Amino acid sequence: MEPIRIRDTSHPYFPKAWEIYEQSFPLCEQRPLSEHIRALDNPAFHYNLLTDDDRLVGLLSWWEWEAADGTLFRFGEHFAIAPEIRGGGYGSQALKYLLGDGTRLVLLEIDPPVDDISRRREQFYMRNGLKTNYEYDHIHPSFRPSTEAHRLLIMSYPRALTPEEFREFQRFNNKQVLSYSERK
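Residues numbered from 1 in each chain as written. Predicted model: local features only at pLDDT ≥ 70, side-chain atom pairs only at ≥ 80, totals over all residues. Heavy atoms only, no water.

**A look at the overall build of the chain**
Looking only at helices and strands, the chain features 5 helices and 8 strands. Helices and strands in the chain line up, N terminus first, as β-α-α-β-β-β-α-β-α-β-β-β-α. In terms of overall dimensions, the chain has C-alpha extents of about 40 × 35 × 35 Å along its principal axes. With 184 residues in all, the chain has 52% of them scored as buried. Pairs at least 24 apart in sequence give 66% of the contacts found in the chain among residues at least 6 apart. Summed over all atoms, the accessible surface of the chain reaches about 9000 Å², with 49% contributed by carbon and sulfur. Side-chain charges in the chain split into 23 positive and 28 negative, and the spacing between the mean points of these groups amounts to 2 Å. (Helix = DSSP H or I, 4+ residues; strand = E, 2+ residues; numbered from the N terminus. Buried < 20%, exposed > 50% of the residue type's maximum accessible area, 1.4 Å probe, protein only. Contact = heavy atoms within 4.5 Å. Areas by Shrake-Rupley, 256 points an atom, 1.4 Å probe, with all protein chains shown as cover. Lys, Arg positive; Asp, Glu negative; His and termini not counted. Charge placed at Lys NZ, Arg CZ, Asp CG, Glu CD.)

Have a look at this one:
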């Protein structure tokens, strides 16, 4: 599998990747297309198409930044494999790519594990070394004014977050990530 970072919508796989995105995330977690295109200009935003043998298998996006104390962060914002090929190992490969070389503290948001699908998703991430930070209350504001904010859990790698790191994530998320939304 090969990730390809793109910075505009001219890549021929972009329309199919956007379709996977819309199929994979609830509307409240979807950045509107116009805001997504605007985010592509931000050097902290990494939008990657995941390919294998010249076919699109998924997408992976994240934000990178350095906190004032020098801590390096990577927030995995959207991660999806095409529905028709899930379960084929692409998710594990993509996650390894996201986790990188261990120099950054990697964070993900997940739904609370309340049903079979959400429990399996959390277990998948835990099998791959991520820690669930149950102690932090994280409310994800919607990207759109027409949908409600909702509670998510934060997972981190290679270790659990400190309170200061959680506050740094919230600061960056509210200032940078959510500035590319319909809620201003």
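**What to know about the environment of Asp115**
Examined against the element boundaries, Asp115 turns out to sit in the loop between β5 (105-110) and α4 (116-127). For the pair formed by Asp115 and Ala94, sequence separation is 21 residues and the distance between their alpha carbons is 24 Å. There is a polar contact of 3.3 Å between the side chain of Asp115 and the backbone nitrogen of Ile117. (Polar contact = N/O pair within 3.5 Å; in protein donor to acceptor, adjacent residues only side chain to side chain.)

**Some details on the side chain of Glu64**
Its location among the elements puts Glu64 in strand β3 (residues 55-66). Residue Glu64 is classed as buried on the basis of its relative accessible area, which comes to 17%. In terms of polar contacts, Glu64 uses its side chain to reach the side chain of Arg74, at 2.4 Å. With residues up to four places along the chain from it excluded, the contact list for Glu64 reads Ala44, His46, Phe73, Arg74 and Arg104.

**A few points about helix α5 (residues 163-175)**
Given a rise of 1.5 Å per residue, 13 residues ought to cover 18 Å, and the 18 Å separating the end C-alpha atoms of α5 matches this to within 8%. Residues of α5 that are buried: Glu165, Phe166, Glu168, Phe169, Phe172 and Asn173. Summarising the axial view, the buried residues of α5 lie within an arc of 160°, below the 170-degree limit, and thus occupy one face. Seen from the open side of α5, the exposed residues pointing more than 90 degrees away from its buried face are Glu164 and Lys175. Buried residues belonging to α5 abut β3, β4 (72-81), β5, β7 (138-140) and β8 (150-157). (Expected span 1.5 Å × (residues − 1). Arc of directions from axis to C-beta.)

**Some details on the layout of surface pockets**
Rolled over the atoms, a probe as big as a water molecule pinpoints where empty space is left. Of the voids in this model, the largest pocket is the one considered here, and its volume is about 950 Å³. Forming the boundary of the largest pocket are 31 residues, of which Phe79, Ala80, Arg86, Arg121 and Tyr125 lie nearest the centre. Mapped by element, the contributors of at least two residues to the lining of the largest pocket are β4, α3 (90-99), β5 and α4. (1 Å grid on protein atoms, 1.4 Å probe; cavity = no way out; pocket = protein on both sides within 12 Å on 5 of 7 lines; lining within 4 Å. Points joined across faces, edges and corners; volume = space filled by probe spheres on them.)

**Thoughts on the pattern of salt bridges**
According to the stated counting rule, one finds 11 salt bridges in the structure shown. Among the ionic pairs, Glu77 bridges to Arg31, the shortest N-O distance being 2.8 Å. Taken as a pair, Glu77 in strand β4 and Arg31 in the loop between α1 (14-24) and α2 (33-39) lie far apart in primary sequence, 46 residues in all. There is no split in this pair, since Glu77 and Arg31 are both buried. A salt bridge links Asp111 to Arg121; the shortest N-O distance between them is 3.9 Å. With Asp111 in the loop between β5 and α4 and Arg121 in helix α4, this pair connects stretches of sequence that are 10 residues apart. The class of Asp111 is partly exposed, set by a relative accessible area of 32%. (Salt bridge = Lys/Arg side-chain N within 4 Å of Asp/Glu carboxyl O.)

**Some points on the packing of aromatic side chains**
Following the criterion strictly, the structure yields 15 aromatic pairs and no others. Ring plane angle 55° and centroid distance 5.7 Å describe the contact between Trp62 and Tyr97, whose orientation is recorded as tilted. Placement of the pair is Trp62 in strand β3 and Tyr97 in helix α3, with a sequence separation of 35 residues. With centroids separated by 5.0 Å and ring planes inclined at 65°, the aromatic side chains of Phe75 and Phe169 adopt a geometry described as edge-to-face. (Phe/Tyr/Trp six-rings, centres within 6.5 Å; stacked < 30°, edge-to-face > 60°.)

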